[in-house]
Amino acid sequence: MHRLLLVIALMLACSKDEPAPAPAPVPGPVAADPISTTDANSTVVADSGADAGPARPLQAWMKTNMTPAMNAKDFDLLGANLDTIMTFAPKEPGYGNWVSIAKDGKNAAKSADLGAVRAACRGCHEQYKSKYKTELRARPIPP
Ligand code: HEC
């Protein structure tokens, strides 16, 4: 009986002494995105949109806020986001329809009309996305 207890005690002790799992490798410093260090106008590659670096605040905002709201078909959130986008309207010349497109999208979200919300996304992107990327890409999101 004592022997059995001893064996069990040893087993317990053994399992306690098992080496802890090796710590996950710590990723080294991430190499700077070569795209974001180039002049935004210098290459076509700069507009690939593959990576939301710190120099693309609106793109990052869209990906963080708009994509999940769209995927979830969350009309309340879409409406709130489109409301917020109105405040992002650039003061620079040539963005005259920005607010009205966002407003149309917000109304579409209110009526839970996904197709019309999408049309607002597309409408603004077709009119302003490449212009914005060329002219204002690094601009911070207004608070
Ligand atoms: C009033 C203008 C406007 C509206 C409305 C708008 N966007 Fe955008 N969106 C932009 C601009 C400008 C960019 C480019 C930002 C950049 O790349 O620096 C952009 C970029 C994006 C991106 C980043 C990837 C890409 O295509 O370049 C996503 C994702 C996106 N928008 C999703 C949406 C969705 C989903 C909606 C509708 C629910 C929407 N947006 C509505 C202006 C708008």
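This structure is a prediction, so every number in the text was calculated from the model and none was measured. (Residues numbered from 1 in each chain as written. Predicted model: local features only at pLDDT ≥ 70, side-chain atom pairs only at ≥ 80, totals over all residues.)

If you had to explain the overall build of the chain to someone new, which residues and values would you point to?
Helix and strand counts for the chain come out as five helices and zero strands. Looking at the chain as a whole, 13% of its 143 residues qualify as buried. A sequence separation of at least 24 residues applies to 45% of the contacts in the chain between residues at least 6 apart. (Helix = DSSP H or I, 4+ residues; strand = E, 2+ residues; numbered from the N terminus. Buried ≥ 20, exposed ≤ 12 C-beta atoms within 10 Å, placed from the backbone. Contact = placed C-beta atoms within 7 Å.)

Can you break down the environment of R56 residue by residue, with the values?
Structurally, R56 can be placed in the loop between α1 (2-17) and α2 (57-71). The exposure class of R56 is buried, given the 21 C-beta atoms found within 10 Å. On a C-alpha basis, the gap between R56 and I141 in space is 9.4 Å, while along the polypeptide they are 85 residues apart.

An account of the nonpolar core is requested, with residue identities and associated values reported.
Among the nonpolar cores identified, the biggest contains 11 residues, and these are A69, L78, L82, I85, I101, A102, A108, A109, V117, A120 and C124. No other element matches the four residues that helix α4 (residues 98-110) contributes to this core. (Core = buried A, V, L, I, M, F, W, Y, C linked by C-beta atoms within 7 Å.)

Explain the confidence of the model for the chain to me, and be specific about the residues and the numbers.
Across the chain, the average pLDDT comes to 78, with 62% of residues at or above 70. Within the model, pLDDT remains below 50 along residues 6-16, and this stretch shows zero contacts once partners closer than five positions in the same chain are excluded. Taken together, the stretch residues 30-48 has pLDDT below 50 and engages in 16 contacts with residues farther than four places along the chain or on a different chain. (pLDDT = per-residue confidence, 0-100.)

Could you give an account of the site of the ligand, naming the residues involved and the relevant values?
Close to the ligand lie 25 residues, the nearest being Q59, M62, C121, C124 and Y132. Elements supplying a minimum of two residues to the shell around the ligand: α2, α3 (75-86), α4 and α5 (114-136). Of the residues forming the shell around the ligand, the biggest block, nine residues, is contributed by α5. Grouping the amino acids of the shell around the ligand by side-chain chemistry returns 15 nonpolar, five polar and five charged. (Near = placed C-beta within 6 Å. Nonpolar A, V, L, I, M, F, W, Y, C, P; charged D, E, K, R; others polar.)

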